[in-house]
Amino acid sequence: MWWPISSTKSKVVTTEQFDGEHLDLSYADFSVMDDHARACPPEEEESIARLSWYLTSPFLGDQVAQLRSIFAWMAANISYDHASLVPGQRKDQSPESVLRNKVAVCAGFANLYDNIARYANLGVRQASGLARGAGYEIGADKVGGEHAWNVVNINGEELFIDSTWGAGHSDENGVYHQVMDPWWFLLSPKRMIYTHFPDNPREQFLDPPISKDAFRRLPCRRGHSWIMGIRPMIGTNVMKANDDYFEVQIRVKKEGAKKTFLAGKLVWEGSPEMLPAACHWTRDNGKYFVMTMKGFCPGPGSGRLLVLALPLVDANDGSGGCGGGESKNPLTYKIVNNGSGANFQPLVAEYPVPGFSTSVLEPLTAQVQRGVRQKVRVQVYNVAHDARPALVLMKDMDYRNSETMREVEPGVFEVEKVLVAGEYSIGQRLGMQYQFVGRFSAV
């Protein structure tokens with residue numbers, strides 16, 4: 001069942017200038033503005049007024065292009081000042097100081113963006129509140145850290161700019177990477193509310209605005225959730241496991257599913273390694289596939305379930321394997337376990353194959369009992385027009401010791417047999433070779 005997410009119940013607040021068409025930048029090409037901003041000569045940075053003229057004058061009459069030029073310049077030139085987070089060490093965050101030193105925390109980013117835009121009369125304002133940034137913990141009493149960003153009205157629509165997060169990010173080791181993230185340029189209120197909670201409820205630009213408790217419960221979504229079409233199905237970010245076992249359902253746009261290999265990783269408190277979670281095709285839901293993330297908790301307590309999307313190589317029609325880029329983490333959930341971990345079991349290893357997507361529905365676990373009848377069941381979906389699924393079950397990776405899996409219903413391939421001890425592989429026949437779909441053992 002799909003439970004509506006609380007923010008979607010609110011309507012976006014617009015002004016009388018709004019013509020009913022929301023700004024859509026999905027196919028916008030900002031390369032001219034970005035290149036111009038990055039080519040800014042040092043002498044044009046001698047004052048905010050001069051910098052503003054350089055960045056915006058080539059795009060007079062185009063508010064979006066002018067705003068983008070400022071955004072791109074800041075991403076290329078202003079770094080996050082981690083040293084200023086130390087008590088007593090914060091530098092001056094005035095726009096003049098930030099321009100001179102080229103480092104800032106969020107207040108300095110917002111100040112400088114506001115001032116550059118003001119010289120061009122772009123109508124930019126500042127906002128502040130809490131944000132789900134570094135140090136944010138799902139389900140904790142503290143819903144986020146203090147943060148600052150900008151707001152602008154474009155044709156009657158209030159949109160958000162976070163030039164701090166747009167300029168770079170820190171990785172899990174605390175290393176800062178200065179690389180522009182365009183997601184944080186002109187975000188709608190219904191997207192911004194998943195990460196930013198303004199001090200002034202009116203600056204949510206939602207009617208009605210959501211409460212802090214509702215913000216705390218909102219699913220932990222990042223930009224790639226929208227970009228890749230991977231969406232939550234329940235309006236909460238904390239899930240309870242039952243005797244060590246958990247399930248979480250998500251929705252995936254069919255077009256997005258053709259381009260990614262979905263996987264899950266469980267980061268458990270006290271565990272030194274990331275544990276795999278299964279991602280099972282559950283049903284076809286029109287434009288979406290419903291997928292279920294499944295797994296076992298290794299002990300009592302809690303952990304984070306990372307929904308990962310790995311880009312596929314040559315994925316225009318769903319073909320190819322992983323390797324087209326780094327994995328993205330569009331959704332994260334907190335898993336709370338009431339069990340002891342005694343039921344924990346490792347899961348079947350799954351792999352992408354060319355031409356279609358697969359889910360190993362049975363078995364779920366990496367080890368099954370030998371000497372009893374075992375059903376091996378695989379769901380095939382997103383089949384490319386020229387792909388022909390031909391799945392087999394092999395023992396000890398020996399294709400001569402393989403058994404063809406029959407298509408027992410559309411997209412479902414199955415074989416049932418008594419398994420002797422050994423390693424088993426589910427493979428897709430590719431000429432005289434096989435590509436692994438999944439692997440498990442009988443013990």
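One numbering rule holds for all chains: residues counted from 1, following each sequence as written. Local features are withheld for residues below a pLDDT of 70 in this predicted model, meaning they are given only at 70 or higher, and side-chain atom pairs are given and counted only at 80 or more; totals for whole chains, interfaces and linings count all residues. As a rule here, side-chain values cover all heavy atoms of the structure and leave hydrogens and water aside.

Caption draft 1: Broad picture of the sheet that holds strand S27 (residues 406-409). Two strands make a pair as long as DSSP finds a minimum of two bridges between them. Helix and strand assignments come from DSSP, with helices taken as H or I runs of at least 4 residues and strands as E runs of at least 2, each series counted from the N terminus. A sheet is described by the order of its strands in space; here four strands give the open sequence S22-S24-S28-S27, paired in antiparallel fashion. The outermost strands of the open sheet, each flanked by one partner alone, are strand S22 (357-362) and S27. Put simply, the sheet's adjacent strands are angled 35° from each other on average, direction ignored. Where S27 meets strand S28 (residues 412-418), three bridges bridge the pair, whose relative direction is antiparallel. Its bridge partner lying in S28, Glu407 is registered against Phe413. Fitting a line to C-alpha atoms yields each axis, with helices limited to the stretch in contact; the angle taken between N-to-C directions then spans 0 to 180 degrees.

Caption draft 2: Here's a closer look at the pattern of salt bridges. What counts as a salt bridge is simple: a side-chain nitrogen of Lys or Arg found within 4 Å of a carboxyl oxygen of Asp or Glu. Scanning all chains against the criterion turns up 15 salt bridges. Measuring nitrogen to oxygen at the nearest pair gives 3.2 Å for the salt bridge that ties Arg50 to Glu44. Here Lys258 ties to Glu255 by a salt bridge, and the two come within 3.5 Å at their closest N and O atoms. Relative accessible area decides the class of each residue, using a 1.4 Å probe on protein chains only: under 20% of the type maximum gives buried, over 50% gives exposed, and in between gives partly exposed. According to the relative accessible area criterion, Glu255 is exposed, its value standing at 52%.

Caption draft 3: Broad picture of unusual backbone geometry. A cis amide bond, omega 0°, links Asp207 with the succeeding residue Pro208. By the element assignment, Pro208 lies in the loop between strand S11 (206-207) and helix H8 (212-217). Cis rather than trans, the peptide bond between Glu362 and Pro363 has omega equal to -5°. Within the element layout of this structure, Pro363 appears in the loop between S22 and strand S23 (367-368). Of note in this structure, Asn155 is not a glycine but carries a positive phi near 55°. Tracing the backbone through its elements, the reader meets Asn155 in the loop between strand S5 (145-154) and strand S6 (157-161). Judged by its relative accessible area of 55%, Asn155 is exposed. Even without glycine at this site, Met397 takes up a positive phi of about 55°.

Caption draft 4: Structural context of helix H1 (residues 31-38). Here H1 has its buried residues at Met33, Asp34, His36 and Ala37. Down the axis of H1, the smallest arc covering the buried residues is 165°, so these residues share one side. Two residues qualify as a contact provided that any one of their heavy atoms is within 4.5 Å of a heavy atom in the partner residue. Against helix H2 (48-56) and helix H3 (63-77) lie the buried residues of H1. Directions drawn from the helix axis to the C-beta atoms are what define this arc.

Caption draft 5: Inspection of the side chain of His147 at higher detail. Looking at the secondary structure, you find His147 in strand S5. Each polar contact in these results corresponds to two N or O atoms within 3.5 Å; when the atoms are within protein, one needs to be able to donate a hydrogen and the other to accept it, and residues that are neighboring in sequence are counted only if both atoms are side-chain atoms. Only 2.7 Å separates the side chain of His147 from the side chain of Asp162, close enough to count as a polar contact. Filtering out sequence-adjacent residues up to four positions away, His147 remains in contact with Cys106, Ala127, Ser128, Gly129, Ala131, Asp162, Thr164, Trp165 and His196.

Caption draft 6: Highlighting empty space enclosed by the protein. Only protein atoms enter the 1 Å grid used here, on which a cavity is any set of points holding a 1.4 Å probe that cannot leave and a pocket is any open set flanked by protein within 12 Å on both sides along at least five of seven lines; residues with an atom within 4 Å of a point are listed as lining. Grid points are joined across faces, edges and corners, and a volume is the space filled by probe spheres set on the points. Across all of its chains, the model carries one cavity of 30 Å³ or more by this definition. Contributions of two or more residues to the lining of the largest cavity are made by helix H7 (189-192) and strand S10 (196-198). Note on residue classes: Ala, Val, Leu, Ile, Met, Phe, Trp, Tyr, Cys and Pro are nonpolar, Asp, Glu, Lys and Arg are charged, and everything else, Gly too, is polar. Here the residues of the lining of the largest cavity are counted per class, giving six nonpolar, two polar and one charged.

Caption draft 7: Spotlight on the layout of surface pockets. Quantified by volume, the second largest pocket comes out at close to 390 Å³. Around the second largest pocket, the lining comprises 29 residues; the ones closest to its centre are Phe261, Leu262, Ala263, Cys279 and Glu350. Mapped by element, the contributors of at least two residues to the lining of the second largest pocket are strand S16 (260-268), strand S17 (274-285), strand S18 (288-296), strand S21 (349-350) and S22. Sorting elements by how many residues they give to the lining of the second largest pocket places S16 first, with six residues. Split by residue class, the lining of the second largest pocket holds 20 nonpolar, seven polar and two charged.

Caption draft 8: Highlighting the packing of aromatic side chains. In this scheme Phe, Tyr and Trp rings, the latter by its six-membered ring, pair at centre separations within 6.5 Å, and the angle between planes marks the pair as stacked below 30 degrees, edge-to-face above 60, and tilted otherwise. Per the stated rule, a full pass over the model turns up 12 aromatic pairs. Consider the rings of Phe71 and Phe185, whose centres lie 5.3 Å apart with planes at 45°: the pair is tilted. Of this pair, Phe71 sits in helix H3 while Phe185 sits in strand S9 (residues 185-187), and the two are 114 residues apart along the sequence. The class for Phe71 is buried, based on a relative accessible area of 1%. Measuring from centroid to centroid gives 4.9 Å for Trp165 and Trp184, while their planes differ by 80°, and the two rings are edge-to-face. With a gap of 19 residues between them, Trp165 in helix H6 (residues 163-167) and Trp184 in the loop between strand S8 (176-177) and S9 connect regions that are remote in the sequence. Each member of the pair, Trp165 together with Trp184, is buried.

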